[in-house]
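What follows is each chain in one-letter form.
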Amino acid sequence: MKPPKFDYVAPRSIDEALSILAQHGEQAKVLAGGQSLVPLLNFRLVRPGYLVDLNGVAGLDGIRVDDGRLAIGAMTRQRAVEVSALVRERCPLLAEAMPQIGHVQIRNRGTIGGSLAHADPAGELPAVVAALDGELVLRSVRGDRVLKPAQFFVAYLTTAAAPDELLVEARVPVTPPRTGSAFLEVSRRHGDFALVGVAATVTVDDAGVCTACAIALTGVGPIPVVPREAARALVGVTPTPAAFEDLGRRVAEGVEPDGDLHASSEYRKHLAGVLVRRALGQCAERIAGRVATGERR
Ligand SMILES: Cc1cc2nc3c(=O)[nH]c(=O)nc-3n(C[C@H](O)[C@H](O)[C@H](O)COP(=O)(O)OP(=O)(O)OC[C@H]3O[C@@H](n4cnc5c(N)ncnc54)[C@H](O)[C@@H]3O)c2cc1C
């Protein structure tokens, strides 16, 4: 099918884009990489009066470290994040998740902001930002709002962004020393959306005792699922395979995924437990590797 008729506008600045959104709010849709929006238009699942193309807007892309956080402009292409040495060095969890998004052709066009704003419950980026308890910066003519992932992701394909707000930046904390991270997922074919994915980080002190553990899952709920209570059980203990097994079991017991034609609810639950156990194991191995080689950030 072809998209329904719409007016196309191509602002050159953030202010221009915001004033168009302020004027047309509910009737407008912003176009980033188009990897999710164009199929939705073609299937006529969305029918905007105005398509506001962000691709010519200056100042919406780029990756920088600012005050202990990695800040990524909304229009930064997924591929640019994937190949960024700064991201690999400062936030290896994000670097590891990137190549698991679709195919390279999709990541060449798809943007960080588009993926987060689209809020697909099987997407990798929402889970990474949720695990790292990052920040989403929304802007409108009324000013800026900074939301935590728990505030931003509201429901299936739904965020707290108002129709006149642009997501301008995503921020995640720089990974602290003695931290291991891992992103693991299972999908039916290479490049498919994950059936279940797990983002995990473990931080230990000099004695090897866990001081922080964060987990977020994709594919087991309408928004990223963050099993905070279960993850807290690892804090204060020396991480062991038995502890990871136990945590995986607790996480699996705590999720209630829907089944669909790709996987049953039971299978997704099973995957959640297995992937949490494996991801935490990888975190521990990575900490051990760093400590052994004396690598510190
Ligand atoms: C074959 C295929 C496989 C894919 N596989 C995966 C996968 O495995 N994992 C995964 O996570 N994704 C996958 N995707 C989706 C891909 O990552 C998209 O790039 C992403 O979902 C949307 O990003 P985009 O930049 O293309 O946004 P668009 O498609 O342009 O926009 C998506 C939505 O976000 C809104 N939006 C975009 N930018 C902003 C902004 N700055 N502020 C406010 N709203 C905004 C748009 O209005 C629209 O509603 C796949 C896509 C395809 C086509």
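Conventions and cut-offs
Residues numbered from 1 in each chain as written. Predicted model: local features only at pLDDT ≥ 70, side-chain atom pairs only at ≥ 80, totals over all residues. Heavy atoms only, no water. Near = heavy atom within 4 Å. Polar contact = N/O pair within 3.5 Å; in protein donor to acceptor, adjacent residues only side chain to side chain. Areas by Shrake-Rupley, 256 points an atom, 1.4 Å probe, with all protein chains shown as cover. Helix = DSSP H or I, 4+ residues; strand = E, 2+ residues; numbered from the N terminus. Nonpolar A, V, L, I, M, F, W, Y, C, P; charged D, E, K, R; others polar. Pairing = 2+ DSSP bridges. Axes fitted to C-alpha atoms, helices over the stretch in contact; angles between N-to-C directions. Contact = heavy atoms within 4.5 Å. Salt bridge = Lys/Arg side-chain N within 4 Å of Asp/Glu carboxyl O. Buried < 20%, exposed > 50% of the residue type's maximum accessible area, 1.4 Å probe, protein only. Core = buried A, V, L, I, M, F, W, Y, C linked by side-chain atoms within 4.5 Å.

A. Expanded view of the site of the ligand. Around the ligand, a shell composed of 30 residues is seen, among which Val30, Gly34, Leu37, Thr111 and Glu124 lie nearest. Within the contact set of the ligand, an oxygen atom lies 2.8 Å away from a backbone nitrogen or oxygen of Gln35. A distance of 2.7 Å is found between a nitrogen atom of the ligand and a side-chain nitrogen or oxygen belonging to Glu124. Burial of the ligand by the protein chains amounts to 87% of its free accessible area of 970 Å². Elements represented by at least two residues in the shell around the ligand include exactly β2 (28-31), α7 (112-118) and β10 (166-173). Counting residues per element, the shell around the ligand draws most heavily on α7, which supplies five residues. Looking at the shell around the ligand residue by residue, the class counts come to 12 nonpolar, 15 polar and three charged.

B. Local environment of the sheet that holds strand β12 (residues 196-204). The three strands are arranged β11-β12-β13 in an open sheet whose pairing can be described as antiparallel. A strand with exactly one partner marks an edge of an open sheet, and here the two such strands are β11 (179-186) and β13 (210-218). On average, adjacent strands in this sheet sit at an angle of 10° to one another, irrespective of strand direction. Across eight bridges, the pairing between β11 and β12 is antiparallel. In the sheet register, Thr179 faces β12, and the bridge partner there is Thr203. Sitting on the sheet, helix α8 (residues 124-131) touches β11, β12 and β13, and the angle it makes with β13 is about 155°.

C. Fine view of the pattern of salt bridges. Taken as a whole and assessed by the stated rule, the structure comprises 20 salt bridges. One salt bridge in this structure joins Arg107 and Glu82, with 2.6 Å as the shortest N-O distance. Taken together, the positions of Arg107 in helix α6 (residues 104-109) and Glu82 in helix α3 (residues 78-82) put the pair 25 residues apart, joining distant regions of the chain. Using a relative accessible area of 13% as the deciding quantity, one classes Glu82 as buried. As a salt-bridge pair, Glu253 and Arg249 come within 3.4 Å of each other at their nearest N and O atoms. One end of the pair is Glu253 and the other is Arg249, both in helix α11 (residues 241-254) and four residues apart, which spans about a single turn. The class for Arg249 is partly exposed, based on a relative accessible area of 44%. Shared partners join several salt bridges into a network, and the residues in it are Arg64, Asp66, Arg69, Glu135, Glu169 and Arg171.

D. Structural context of the nonpolar core. In terms of nonpolar packing, the biggest core is built from 32 residues, with Leu94, Ile112, Leu116 and Phe152 touching the most fellow members. When residues of this core are traced back to their parent elements, those giving at least two are β5 (69-73), α5 (92-97), α7, α8, β6 (135-140) and β10. In terms of residue count, the dominant contributor to this core is α8 (six residues). What Ile112 contacts, discounting residues up to four positions off in sequence, is Ile72, Gly73, Ala74, Thr76, Gln78, Val81, Met98, Leu125 and Ala170. Counting 30 residues, the second-largest nonpolar core is a separate cluster that includes Leu184, Cys210, Ala243 and Phe244.

E. Molecular detail of the sheet that holds β10. Within the open sheet, the five strands sit side by side as β4-β5-β10-β6-β7. Their pairing is antiparallel. The open sheet terminates on both sides in strands that have one partner only, identified here as β4 (63-66) and β7 (143-147). Adjacent strand axes in the sheet meet at a mean angle of 25° when their direction is disregarded. Sheet topology note: the β4/β5 ladder contains four bridges and is antiparallel. Counted as the bridge partner of Asp66 is Arg69 from β5.

F. A look at the pairing of β12. With respect to burial, β12 is a largely interior element, nine of its nine residues being buried. Side-chain alternation along β12 places Val196, Val198, Ala200, Val202 and Val204 on one buried face and Gly197, Ala199, Thr201 and Thr203 on a second face that is also buried. In textbook terms, the turn of a hairpin is the stretch between consecutive antiparallel strands, and for β12 and β13 this stretch comprises five residues, one of which, Gly208, has a positive phi near 85°.

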